[in-house]
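# Commentary on secondary and tertiary structure
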Amino acid sequence: MADSAASPLDPALLGLRQQIDAVDRELLALLNRRAALAQEVGGIKKREGSVVFRPEREAQVIDGLKASNPGPLQGESVAPIWREIMSACRALETPTRVAYLGPAGTFSELAALGYFGSSIVRVPCASIDEVFRTTTAAAADFGVVPVENSTEGVVARSLDLLLTTPLFLIGETSLFVRHNLLRQANSLAGIQAVCAHPQALAQCHGWLSYHLPDVERRPVASNAEGARLASLDPSLAAVASERAGSEFGLHIVAPAIQDDPHNRTRFVIVTHPDRHPQPKASGHDCTSLVVSVNNRPGAVHDMLVPLKQNGVSMTRFESRPARSADQWEYYFYIDLQGHPDEPAVAAALAELRAACSFFKLLGTYPLDVH
């Protein structure tokens, strides 16, 4: 019979563990020192009436740390670590309420946690429309909504609501989207319907057509809602995240079923301009706007001339029908590189505004920091 007594630890390993424990205590002391300084900053901000969350400041902090990181800690690990630290310190000043497409386990929730950190008050919403309504009504400080997917393109409803509501953009984040087929039983047999958000169903079209060609594809408000429904009905399966599977006690019947292995979704952070100022320049910024021009030959070309003349790069250009009496009228959603405080960008925007029949600045914000 083998000796059940625990083997003595290697002295070298024991010594390293003791050093790690000592470093952890030092880290905790430093984190508490940082938190105390953050509280002092919060007191000054409260007296001045300024906002707690400054996305450009947090982006600059992370960029600076990544630039000075000597290793062996990998650069991509810096941002998530410091987002959590800043989130915990922010929570000492005031709780941050963040609305997103729920329930628990959606990619929108993951995007919200990735951007703001876990020390937030979560406000899950039943639809993208409700995220906008909740944030507009000040029931949440910020909203997180998807705007673009690398496989399926724009999320039309988000773009339409950015046009028609008073909310504006103060940040962005992107998320690697890995879809899994989830179900009560660990088998493909007997599935009558697959429930998911329409975008997710489209992103998994190839896999579903090959493996479940005769099964109904049932659109629902979110992937996590599909997972919830699948947890109640053994004839249903869901397309959702691993987190949603854990949340609702489902098997991952088939992992990573998205057609594009590099599938990513871009999210934007929205808030009300009465409650949050436009972020200042961080050095790596994006400016988003929506415009329209009169329907005449060369109008779109003339609209873009100010960008070229001022040396401003356009990184995104999308069109959406205006739904007006003129069936050929469009709104154009444009992302520009830079910040309106920069002279070239300011000049380009002024000339562009003059050339357009409709002009709305959707927001300016730091580019996503990974």
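Everything here concerns the structure above.
The following paragraphs examine the structure supplied in this document.

Rules used throughout
- Residues numbered from 1 in each chain as written.
- Predicted model: local features only at pLDDT ≥ 70, side-chain atom pairs only at ≥ 80, totals over all residues.
- Heavy atoms only, no water.
- Pairing = 2+ DSSP bridges.
- Helix = DSSP H or I, 4+ residues; strand = E, 2+ residues; numbered from the N terminus.
- Axes fitted to C-alpha atoms, helices over the stretch in contact; angles between N-to-C directions.
- Contact = heavy atoms within 4.5 Å.
- Buried < 20%, exposed > 50% of the residue type's maximum accessible area, 1.4 Å probe, protein only.
- Patch = residues over 30% accessible without salt bridge, like charges linked within 9 Å, V, L, I, M, F, W, Y side chains within 5 Å.
- Areas by Shrake-Rupley, 256 points an atom, 1.4 Å probe, with all protein chains shown as cover.
- Salt bridge = Lys/Arg side-chain N within 4 Å of Asp/Glu carboxyl O.
- 1 Å grid on protein atoms, 1.4 Å probe; cavity = no way out; pocket = protein on both sides within 12 Å on 5 of 7 lines; lining within 4 Å.
- Points joined across faces, edges and corners; volume = space filled by probe spheres on them.
- Nonpolar A, V, L, I, M, F, W, Y, C, P; charged D, E, K, R; others polar.
- Parallel < 35°, antiparallel > 145°, perpendicular 65-115°, else oblique.
- Left-handed = near helix turned anticlockwise from the far one by under 90°.
- Polar contact = N/O pair within 3.5 Å; in protein donor to acceptor, adjacent residues only side chain to side chain.

Turning next to the sheet that holds strand S9 (residues 236–240). Neighbouring strands of a sheet are bound in pairs by backbone hydrogen bonds; such pairs are parallel or else antiparallel. Spatially, S8-S7-S9-S6-S10 is the arrangement adopted by the 5 strands of the open sheet, whose pairing is mixed. Both edges of this open sheet fall to strand S8 (216–219) and strand S10 (251–254), since each of them pairs with a single strand only. Here the strands of the sheet are splayed against their neighbours by 35° on average, with no regard to which way each runs. Each of strand S6 (180–183), strand S7 (193–196) and S9 touches helix H9 (residues 223–232); the most contacted strand, S9, lies at about 155° to it.

Okay, helix H4 (residues 107–116) next. With respect to burial, H4 is a largely interior element, 8 of its 10 residues being buried. Those residues of H4 not exposed but buried are Phe107, Ser108, Glu109, Ala111, Ala112, Leu113, Tyr115 and Phe116. Of the residues one or two after H4, glycine 117 is the one with positive phi, at around 85°.

Let us now look at a nonpolar patch on the surface. Taken together, the side chains of Leu9, Leu13 and Leu14 present a nonpolar region at the surface, about 240 Å² in accessible area. With respect to the helices, strands and loops of the structure, leucine 9 is situated in the segment before helix H1 (11–48). For leucine 9, a relative accessible area of 43% corresponds to the partly exposed category.

Approximately 340 Å³ is the volume found for the largest pocket. Along the walls of the largest pocket sit 14 residues, with Arg34, Ala38, Val41, Arg57 and Glu93 positioned nearest its centre. For the lining of the largest pocket, the secondary-structure elements that each account for two or more residues are H1, helix H2 (55–68) and helix H3 (75–93). Here the lining of the largest pocket takes 5 residues from H1, the largest share from any one element. In the lining of the largest pocket, the residues fall into 7 nonpolar, no polar and 7 charged.

Glancing now at the packing of helix H11 (residues 299–309) against helix H12 (residues 343–355). Running from N to C, H11 and H12 cross one another at 165°; their axes reach a closest spacing of 8 Å. With respect to their mutual orientation, H11 and H12 come out roughly antiparallel. Here H11 runs over H12; the crossing is right-handed. In this structure, H11 contributes Met303, Pro306, Leu307 and Gln309 to the contact, and H12 contributes Ala348, Glu351 and Leu352. Taken together, the residues of the contact of H11 with H12 break down into 5 nonpolar, 1 polar and 1 charged.

Positionally, glutamine 203 belongs in helix H7 (residues 198–203). Of the residues examined, glutamine 203 reaches a relative accessible area of 3% and is grouped as buried. There is a polar contact of 2.8 Å between the side chain of glutamine 203 and the side chain of asparagine 263. Setting aside residues up to four positions removed in sequence, glutamine 203 forms contacts with Asn149, Thr151, Glu152, Val177, His179, Gln258, Asp259 and Asn263.

Worth remembering: the numbers are spatial, not functional.
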